[in-house]
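Residues per chain, in single letters:
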Amino acid sequence: MNGRIALAALALAASAPGAQAEPSTALAPHRAAYEVSLIEDYDAPRSSSQTPVAATGLIAYEFSGSRCDGYASNFRQFTELQRSEGDPLSLDVHAVTFEDGDAKRMRFQIDSRTTDGDAPAVVGSASRADGGDTTVALTKPDAATIDIGKDILFPTEHIERILAQAKTGGGTMQARVYDGSDTGKKVFQTLTVIGKPATGAAQEPVAAETLGKMRRWPVTVSYFDEKTRDAPPDYILSFDLYENGVQGMLKLDYGAYALSAKLKRLELLPTPACRD
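Residues numbered from 1 in each chain as written. Predicted model: local features only at pLDDT ≥ 70, side-chain atom pairs only at ≥ 80, totals over all residues. Heavy atoms only, no water.

Trainee: Sorry, what's going on with the overall build of the chain here?
Mentor: When helices and strands are counted, the chain shows two helices and 15 strands. Every one of the 276 residues in the chain was classed for burial, and the buried ones make up 49%. Taking contacts inside the chain between residues at least 6 apart in sequence as the whole, the part at least 24 apart equals 57%. Summing over all exposed atoms, the chain offers an accessible surface of approximately 13,200 Å²; the carbon and sulfur share of this is 50%. (Helix = DSSP H or I, 4+ residues; strand = E, 2+ residues; numbered from the N terminus. Buried < 20%, exposed > 50% of the residue type's maximum accessible area, 1.4 Å probe, protein only. Contact = heavy atoms within 4.5 Å. Areas by Shrake-Rupley, 256 points an atom, 1.4 Å probe, with all protein chains shown as cover.)

Trainee: When you look at the packing of aromatic side chains in this model, what are you seeing that I'm missing?
Mentor: For any pair of aromatic rings, geometry is given as the distance between the ring centres together with the angle between the planes. Applying the stated rule across the entire model yields seven aromatic pairs. Relative to Tyr71, the ring of Phe63 has its centre 5.4 Å away and its plane inclined at 15°; by these criteria the two rings are stacked. In this pair, the class of Phe63 matches that of Tyr71, namely buried. Both rings, one in Phe188 and one in Tyr223, keep their centres 5.6 Å apart while their planes meet at 85°; by these two values the pair is edge-to-face. Here Phe188, found in strand 11 (residues 188-194), pairs with Tyr223, found in strand 12 (residues 216-225); they are 35 residues apart in sequence, far enough to count as distant. Of the two residues examined, Phe188 and Tyr223, each falls in the buried class. Ring pairing ties together the aromatic residues Phe188, Tyr223, Tyr235, Tyr254 and Tyr257, which thus form one cluster. When the ring centre of Phe154 is taken as reference, the NZ or CZ atom of Arg128 above it lies at 5.1 Å. (Phe/Tyr/Trp six-rings, centres within 6.5 Å; stacked < 30°, edge-to-face > 60°. Lys NZ or Arg CZ within 6 Å of the ring centre and 35° of its normal.)

Trainee: Honestly, the side chain of Ser238 in this entry has me stumped. Any pointers?
Mentor: Relative to the helices and strands, Ser238 resides in strand 13 (residues 235-242). Of note is the side chain of Ser238, whose polar atom sits 3.3 Å from the side chain of Thr220. Beyond its immediate stretch of four places on either side in the chain, Ser238 contacts Val219, Thr220, Met249, Leu250 and Lys251. (Polar contact = N/O pair within 3.5 Å; in protein donor to acceptor, adjacent residues only side chain to side chain.)

Trainee: Explain the environment of Gly170 here, please?
Mentor: Here Gly170 shows up in the loop between helix 1 (155-167) and strand 10 (171-177). Separated by 25 residues in sequence, Gly170 and Gly195 have C-alpha atoms that sit 6.1 Å apart. When neighbours within four sequence positions are excluded, Gly170 is seen to be in contact with Gln165 and Ile194.

Trainee: It is not clear to me how the pattern of salt bridges should be interpreted in this structure. Could you clarify?
Mentor: Oppositely charged side chains may form a pair once their charged atoms are brought near each other. By the definition in use, this model includes 14 salt bridges. The partner of Asp130 in a salt bridge is Lys104, with the nearest N and O atoms 2.9 Å apart. Taken as a pair, Asp130 in the loop between strand 6 (117-128) and strand 7 (134-140) and Lys104 in the loop between strand 4 (89-99) and strand 5 (105-114) lie far apart in primary sequence, 26 residues in all. Take Asp130: its relative accessible area is 73%, and that puts it in the exposed class. Lys104 gets classed as partly exposed once you look at its relative accessible area, which sits at 28%. We note a salt bridge from Asp182 to Lys186, for which the minimum N-O separation is 3.5 Å. We classify Asp182 as partly exposed; its relative accessible area is 43%. With a relative accessible area of 13%, Lys186 lands in the buried category. (Salt bridge = Lys/Arg side-chain N within 4 Å of Asp/Glu carboxyl O.)

This is how it looks when you write it as structure tokens:
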């Protein structure tokens, strides 16, 4: 199971980032907690005895910063999957990232633990040159420098672009996205579908209480390994995206099974003022 849930890792792009609508709404610093469970009425065929029959867990997420100072995110997901045979499988993923305000540089560290042992940490940075070429410099698990090409969006930039497109009518879009996940060498080709905006209060009590009747859009993003042609997506992420960047209830579809993550706590944080 890919531990990345992409709470701050969504984007859209056409042929080039410059062709997109510019972001017009500041992203709100916030803390959020989600309760994870298995979607029991999921209609995909069971792939093996290792397919989960139950799941519990928690996602804790903090997003802070501004366009002036850059954006930091701290994401933690713990999930325990009960299989029809064998002991439960626990997954613990901790990802910390920082992106500068002009989306030219990103730093990241991703640590993953499972019942079967710890996966190697992924640590590095990515930078975009003035011409658009993006280079990844990894320090862990092994030192490496990788050219991943042009038209790459980083996670926060991706969210900003989706919001900008949502406000101009939504629709279907494609993007190349890099977030440092997996081995740090993977670029995702994404397909994003943005639905019509909702106008009433959210169904989730904590969102309705904190965000009121703020506009939100149903969003579905499919993540494909761009090196694998004609293959199904690695996973599909669906959620309500609020106008300030907060994400409501999540659905993570891994093909053989799907998880739900319900928003249980939400705290909006102060937005730092830009310094002269």
